[in-house]
Amino acid sequence: MNRSPLHCFFVATSFAALVSVSPVAGQAANSGVQEFDPQAFPGQVVDDVVVPVPSEVFSVLDKLGEPNWRQEIRTVDLPKTGDRTKLSLMFGLVVAEGFVAVQAEDKEAVKDIGREVIDLATALGLIKSVRPHAQAILDAADKSDWASIRKEFDQTQKTVRDSMEQMKDADLSQCVSMGGWLRGTSSVTSVITKSFSADRAELLNQPMLVEHFISSIGKMSKDKKEHPNVSDISKGLKLILAKMEGAVDGFTKDGVREIGKTCDSLLTDIQAAR
């Protein structure tokens, strides 16, 4: 299978996902998958990498079929902890879950996640910056204004990351991105596995982003790098990277499933009370 060299750097809550897309016209016609242009995403180019608006990852998936997003919503268990590293990973996870709920147009799930955003922002000491976004999410949910909710989830994640970096907490900002990417990738693998095709699976061709996360962990302070969750994520990312680099002729359904299992295991650990 020919792969496009174009990699799109999705930073969603982070639904940060580096996506390589290669739906060839003939393949698309045979599989019923619509063609789309990744460069059409609103965004900017940084070091030759397209950085689209975070929520656009779901628009890509919608063009590859009609996933049942309600089946992808997961209950989030917020651990009772003052551990800022774990809380930052959780924040990314929760906002990513918000994107899933928006795609499902599940009003109550969005409201629940909006409240969880408030709880996590309070625990992280960022509630003053986040409250306007969270309240806007709750208000928009009452009106089923999905476009506004997407916008506010985008802004919520950006606000938290910017605030952390201003507070010299760049490591925690990376944790927000990693938590979101893990949840996003878990959701993507689930959707792809349920309706597998080579074109859909190519959305997982993200080695540059995985390498970026691995490198970022290596540059973290000793206490962050050795945090049990971060250490486990580093190991898990290396397993995922090996799967991606080994998919020379494209991903198999089992390969996609294995990436999903690794993400799910790490997400379970993030939500654990340890």
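Here is what the cut-offs are and how they apply
Residues numbered from 1 in each chain as written. Predicted model: local features only at pLDDT ≥ 70, side-chain atom pairs only at ≥ 80, totals over all residues. Heavy atoms only, no water. Helix = DSSP H or I, 4+ residues; strand = E, 2+ residues; numbered from the N terminus. Polar contact = N/O pair within 3.5 Å; in protein donor to acceptor, adjacent residues only side chain to side chain. Contact = heavy atoms within 4.5 Å. pLDDT = per-residue confidence, 0-100. Salt bridge = Lys/Arg side-chain N within 4 Å of Asp/Glu carboxyl O. Buried < 20%, exposed > 50% of the residue type's maximum accessible area, 1.4 Å probe, protein only.

Note that aspartate 106 resides in the loop between α3 (84–104) and α4 (107–123). Polar contacts involving the side chain of aspartate 106 include one to the main-chain amide nitrogen of glutamate 108, which spans 3.3 Å. Not counting residues within four places of it along the chain, the set of residues in contact with aspartate 106 comprises Arg70, Ile73, Ala101 and Trp146.

Below, the discussion takes up the confidence of the model for the protein. On average, residues of the protein score 79 in pLDDT, and 76% of them reach the 70 mark or higher. Low pLDDT, under 50, characterises residues 1–54; the predicted model gives this stretch 146 contacts beyond four residues in sequence or across chains.

A separate point is the pattern of salt bridges. All told, the structure shown has 13 salt bridges when counted by the stated rule. Among the ionic pairs, aspartate 169 bridges to arginine 84, the shortest N-O distance being 3.3 Å. Here the residue aspartate 169 occupies a position in the loop between α6 (146–166) and α7 (170–194), and arginine 84 occupies one in helix α3, the gap between them amounting to 85 residues. Its relative accessible area of 19% is what places aspartate 169 among the buried residues.

On to unusual backbone geometry, then. The phi dihedral of glutamate 105 is positive, around 50°, even though this residue is not glycine. When its relative accessible area of 42% is taken as the criterion, glutamate 105 is described as partly exposed. Here lysine 168, not a glycine, exhibits a phi torsion of approximately 65°, which is positive. Looking at the element boundaries, lysine 168 is found in the loop between α6 and α7. Accessibility expressed as a relative area gives 73% for lysine 168, which makes it exposed.

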